[in-house]
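Coordinates in review
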Amino acid sequence: MKVDGKDFRTIWLAGDGWGVEIIDQTKLPHVFEIVRMETLDDAAVAIKDMLVRGAPLIGATAAYGVCLSIRNDPTDAGLENTYKVLHATRPTAINLKWALDEMTALLKPLPEGERVAAAYKRAAEICDDDVEICSSIGDNGHKIIADIWEKKGKQGVVNILTHCNAGWLATVDWGTALAPIYKAHNAGIPVHVWADETRPRNQGASLTAWELGKHGVPHHIIVDNAGGHLMQHGQVDLCIVGTDRTTADGDVCNKIGTYLKALAAHDNNVPFYVGLPSPTVDWTVHDGVKEIPIEERGQEEVTDMTGRTADGSVVTVTISAEGSPAGNPAFDVTPRRLVTGLITERGVCEASPEGLAGLFPEKVIK
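A brief report on the enclosed structure follows.

What counts, and where the lines are drawn
- All residue numbers here refer to positions counted from 1 along the written sequence of the relevant chain.
- Local features in a predicted model are, by the rule used here, given only for residues with pLDDT of at least 70; side-chain atom pairs are given and counted only at 80 or more, and totals for whole chains, interfaces and linings are based on all residues.
- Side-chain measures here rest on the full set of heavy atoms in the structure, leaving out hydrogens and waters.
- Only the contacting stretch of a helix is used when fitting its axis, a line to C-alpha atoms as for every element, and angles between N-to-C directions run 0 to 180 degrees.
- Secondary structure counts use DSSP, requiring at least four H or I residues in a row for a helix and at least two E residues in a row for a strand, with both numbered from the N terminus.
- Reported orientations rely on four angle classes, namely roughly parallel under 35 degrees, roughly antiparallel over 145, roughly perpendicular from 65 to 115, and oblique for the rest.
- Each crossing gets its handedness from the near helix: less than a right angle anticlockwise from the far helix is left-handed, clockwise is right-handed.
- Contact between two residues is taken to exist if any of their heavy atoms lie within 4.5 Å; hydrogens are not considered.
- Each residue gets one label: Ala, Val, Leu, Ile, Met, Phe, Trp, Tyr, Cys and Pro are nonpolar, Asp, Glu, Lys and Arg are charged, and the others, such as Gly, are polar.
- Only protein chains enter the accessibility calculation, which uses a 1.4 Å probe; a residue is then buried when its area is under 20% of its type maximum, exposed when over 50%, and partly exposed in between.
- Cysteine sulfur atoms are paired as a disulfide whenever they come within 2.5 Å of each other.
- Criterion for a salt bridge: a side-chain nitrogen of Lys or Arg within 4 Å of a carboxyl oxygen of Asp or Glu.

The N-to-C vectors of helix H1 (residues 40-48) and helix H2 (residues 55-72) enclose an angle of 165 degrees; their axes lie 8 Å apart at closest approach. In this view, H1 runs roughly antiparallel relative to H2, as classed from their interaxial angle. In this structure, H1 meets H2 at a crossing whose hand is left-handed. Where H1 approaches H2, its residues Leu40, Ala43 and Ile47 are matched on the opposing element by Ile58, Thr61, Ala62, Gly65, Leu68 and Ser69. Its residues assigned to classes, the contact of H1 with H2 comprises six nonpolar, three polar and no charged.

Next up, the structure:
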């Protein structure tokens, strides 16, 4: 994707061939800042403090975190410690564990002297694979948008509601939920996006809106509670969201508030789709509500808010009543019955064991 005319991914090797650079997403949309990672701790902090976020990008960062760590300690003990440290950073997104398992399975049989080169090669492959997966999700979802445009007699615009940020910034490139929107926009279909602000971290207002604007996609930021109203008045043609972990049965765990949007969509007969890269499926889990661990983040994300003042300063202020504690569950689970379809790199399927197994038969655990 482009930022002010320059092509960017969200993570890349530095010019020296071993350091890793990322975009600090905690500074967006007010400041575009690139951060260099050199150690295991750097990668762990980047994931935990959400300099990077979004399930696919978390996985890619973990893969490069392994590279940075074993440069200093390529032993089995070092590899085990690396896995433990990175795995503890975020509990919900399954791509983190997937990437660590991929790296560990590759590196453990190798002699210590071969591990660093192999790690960097595999991390680069994980990033390139993510780009291809997301591009394919975009192609498959583009067809859904094109069909809606045809049914509207190619009149007006296709209005799409999304929640949180499942775009380029959540992946290595293209995005999951936003990839079909970018593909449709690039193909000349007039799309318009309702971007939920997505409290408490405001990833919709600060990240989704920022990248849509950079790409020239028409959009409006809306408060989280406005979506149902817009659906009631026929102003939403479809919803597309991302996912941090999806069960083998089709339940979808995504940013808190996704479940409520799915309920509103169901009540108003609005199609509700999920952009789903296959590494985000947890084939060991079947009941999302009961089995997926939901991350509880710090209350300051609810009580405090960062913004830019009239003089251009970026400041953080407290918006809550003094002394009032806050709860902050970061994700919720949308049951499969509320999901119209899963848009994957292999095609679109129903949110069910049969639907997923039909596209990914080799992944099904017998």
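What follows covers unusual backbone geometry. Residue Pro29 follows Leu28 across a cis peptide bond; omega there is 10 degrees. With an omega dihedral of 10 degrees, the bond running from Arg199 to Pro200 counts as a cis peptide bond. You can see Pro200 is positioned in the loop between strand E7 (191-196) and helix H7 (203-215). Although it is not a glycine, Met50 sits at a positive phi angle of roughly 65 degrees. Note that Met50 resides in the loop between H1 and H2. Exposure remark for Met50: the relative accessible area of 2% places this residue in the buried category.

This brings us to the state of the cysteines. Two cysteines form a disulfide when their sulfur atoms are joined by a covalent bond. Considering all chains together, one arrives at zero disulfides under this definition. This cysteine, Cys164, is not joined by any disulfide, and Cys253 carries the nearest cysteine sulfur, 11 Å off.

In this section: the pattern of salt bridges. Following the criterion strictly, the structure yields 24 salt bridges and no others. The salt bridge partner of Glu33 is Lys27, with a shortest N-O separation of 3.1 Å. On the accessibility criterion, Glu33 (31% relative accessible area) is partly exposed. Between Lys261 and Asp196 there is a salt bridge, and its shortest N-O distance comes to 2.4 Å. Of the two residues, Lys261 is situated in helix H9 (residues 258-267) and Asp196 in strand E7; the sequence distance between them amounts to 65 residues. Note on accessibility: Lys261 and Asp196 belong to one class, buried. Taken together, the salt bridges that share partners define one network made up of Arg90, Arg201, Glu295, Arg297 and Glu301.

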